[in-house]
Amino acid sequence: MRYPVLVLSVVFLLAGCREEVQEEPVPAPTPSVEDKQAVEQDQTSLLSYFPPDGSVASFQGEGNEFASFTLKTTYLDTQHIVQIEDNGV
């Protein structure tokens, strides 16, 4: 019983130690000016996922898993947003 396990272990070890052949990546074609403009228009600003500046959201919770809290959003600049979460504790 030990012999087949030993043989299979050696086979897996040797199969894992072989040299991997790497191919050169093929460069993607350069998009035209019209394609670049279309891609730029499709991108969505990350700011659209946050509440507006100065907003206050209150969440009413029930039970321990759905605790209530208040969320205040303040925009410091175009790159930084502060969200203060007050759970009343």
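Here goes a summary of the coordinates provided. (Residues numbered from 1 in each chain as written. Predicted model: local features only at pLDDT ≥ 70, side-chain atom pairs only at ≥ 80, totals over all residues. Heavy atoms only, no water.)

1. Considerations on the overall build of the chain
Logical step 1: Summing up its helical and strand segments, the chain has 2 helices and 3 strands in all.
Logical step 2: Counting from the amino terminus, the chain carries its helices and strands in the arrangement α-α-β-β-β.
Logical step 3: Of all 89 residues assigned to the chain, the portion counted as buried reaches 3%.
Logical step 4: Contacts spanning at least 24 positions in sequence make up 15% of the contacts within the chain whose residues lie at least 6 apart.
Logical step 5: Within the structure as shown, the chain displays about 8800 Å² of accessible surface, and the carbon and sulfur contribution to it stands at 57%. (Helix = DSSP H or I, 4+ residues; strand = E, 2+ residues; numbered from the N terminus. Buried < 20%, exposed > 50% of the residue type's maximum accessible area, 1.4 Å probe, protein only. Contact = heavy atoms within 4.5 Å. Areas by Shrake-Rupley, 256 points an atom, 1.4 Å probe, with all protein chains shown as cover.)

2. Remarks on the sheet that holds strand β3 (residues 81–86)
Strand pairing in a sheet takes place through backbone hydrogen bonds and is either antiparallel or parallel in direction.
Logical step 1: The strand order across the open sheet formed by 3 strands is β1-β2-β3, and the pairing between neighbours is antiparallel. Two strands in the sheet have a free side with no partner beyond their single neighbour: β1 (56–59) and β3. Neighbour-to-neighbour, the strand axes of the sheet open up by a mean angle of 15 degrees, direction not taken into account.
Logical step 2: Here β1 runs beside strand β2 (residues 69–75); their pairing, made up of 4 bridges, is antiparallel. What sits directly across from Ala57, in β2, is Leu71. (Pairing = 2+ DSSP bridges. Axes fitted to C-alpha atoms, helices over the stretch in contact; angles between N-to-C directions.)

3. Concerning the pairing of β2
Logical step 1: Pairing of β2 with β3, which is carried by 6 bridges, proceeds in the antiparallel orientation. Across the sheet, residue Tyr75 finds its bridge partner in β3, namely Ile81.
Logical step 2: The loop that links β2 with its antiparallel partner β3 comprises 5 residues.

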